[in-house]
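# Structural overview
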Amino acid sequence: MKLKLPHVLCCMLLLMSFQSLGFVFTVTEKQLNNMLVVAFPFKQNYQGMDVTFSNPTIKLDSGVQKVIISTTIEAVQSQQKLLAQGTIEGIVTYRSATQELQFEKPALTHFQVLENTIPNTKQTIDTIKQNIGKNLPVILLFDFKQFDLGFGEIVPRDIKITSKGLAITL
């Protein structure tokens, strides 16, 4: 009987340690790029121009816990077009109220014009460049309500950018 008690205690401690560690899964940059197909193209109207952000490529920076998205930016006004390459940086946040993984506080950090057929856009381009660093609207990366493993509501306890990808602890 004495031998069973230590075994039972060891099993209980082992089970409790697994429960406290949680389950961690990692979403790679490639998988995140596939997820961005849902959020892009991202469109908005800016100073009378229809602006579209498309062709996103995501990069994770584990050192500063930032997400960097390179994107093509197309502005159209009266069937004239401005094409540019831009970089947007922000942080990844989990919103428990909506059960969403969001790209929060995205800010344009780089803007380079590739092609421009819109007349008199110098002022617009200068304005865009002056707004580098200001926040854009939040971008949805992942909706956990659509992720059903049959265990009920999935609530991440921690989300961290690692060298292997986005580590999500459940």
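Residues numbered from 1 in each chain as written. Predicted model: local features only at pLDDT ≥ 70, side-chain atom pairs only at ≥ 80, totals over all residues. Heavy atoms only, no water.

This part takes up the overall build of the chain. Secondary structure assignment for the chain yields three helices and nine strands. Written out in order from the N terminus, the α and β elements of the chain read α-β-α-β-β-β-β-β-α-β-β-β. In the chain, the share of contacts with a sequence separation of at least 24, taken over all contacts with a separation of at least 6, comes to 54%. For the chain, the accessible surface area stands at approximately 10900 Å², while carbon and sulfur atoms represent 57% of it. (Helix = DSSP H or I, 4+ residues; strand = E, 2+ residues; numbered from the N terminus. Contact = heavy atoms within 4.5 Å. Areas by Shrake-Rupley, 256 points an atom, 1.4 Å probe, with all protein chains shown as cover.)

The next point concerns the environment of serine 78. When you line up the elements, serine 78 lands in the loop between β4 (66-77) and β5 (80-95). For serine 78, a relative accessible area of 67% gives the class exposed. (Buried < 20%, exposed > 50% of the residue type's maximum accessible area, 1.4 Å probe, protein only.)

This part takes up the pairing of strand β6 (residues 100-116). In terms of strand pairing, β5 meets β6 through 13 bridges, oriented antiparallel. Bridging from a neighbouring strand, alanine 84 pairs with valine 113 of β6. A loop of four residues connects β5 with β6, the two strands running antiparallel in sequence, and glutamine 99 in this loop sits at a positive phi of about 55°. (Pairing = 2+ DSSP bridges.)

Once that is clear, we can look at the confidence of the model for the chain. When pLDDT is averaged across the chain, the result is 75; 76% of the residues are at 70 or more. Across the chain, the secondary-structure element scoring lowest on mean pLDDT is helix α1 (residues 4-21), at 41, and the one scoring highest is β4, at 88. Contacts of residues 1-20 to residues separated by more than four positions or lying in other chains number two contacts, the stretch itself having pLDDT below 50. (pLDDT = per-residue confidence, 0-100.)

Counting 32 residues, the largest nonpolar core has Phe40, Val67, Phe111 and Leu166 as its most contacted members. Breaking this core down by element, the ones donating at least two residues are β1 (24-27), α2 (29-39), β3 (49-61), β4, β5, β6, α3 (122-130) and β9 (165-169). When residues no more than four places from it in sequence are discounted, the contact partners of leucine 166 are Phe25, Thr26, Val27, Leu32, Leu60, Val92, Leu101, Ile159, Lys160 and Ile161. (Core = buried A, V, L, I, M, F, W, Y, C linked by side-chain atoms within 4.5 Å.)

So, on to the sheet that holds strand β8 (residues 158-162). Strand order in the open sheet formed by three strands is β1-β9-β8, and the pairing between neighbours is antiparallel. Bordering the open sheet on either side are β1 and β8, each of which pairs with just one other strand. Within the sheet, the average angular offset between the axes of one strand and its neighbour, ignoring direction, is 25°. Relative to β9, β8 is paired through five bridges, and the arrangement is antiparallel. (Axes fitted to C-alpha atoms, helices over the stretch in contact; angles between N-to-C directions.)

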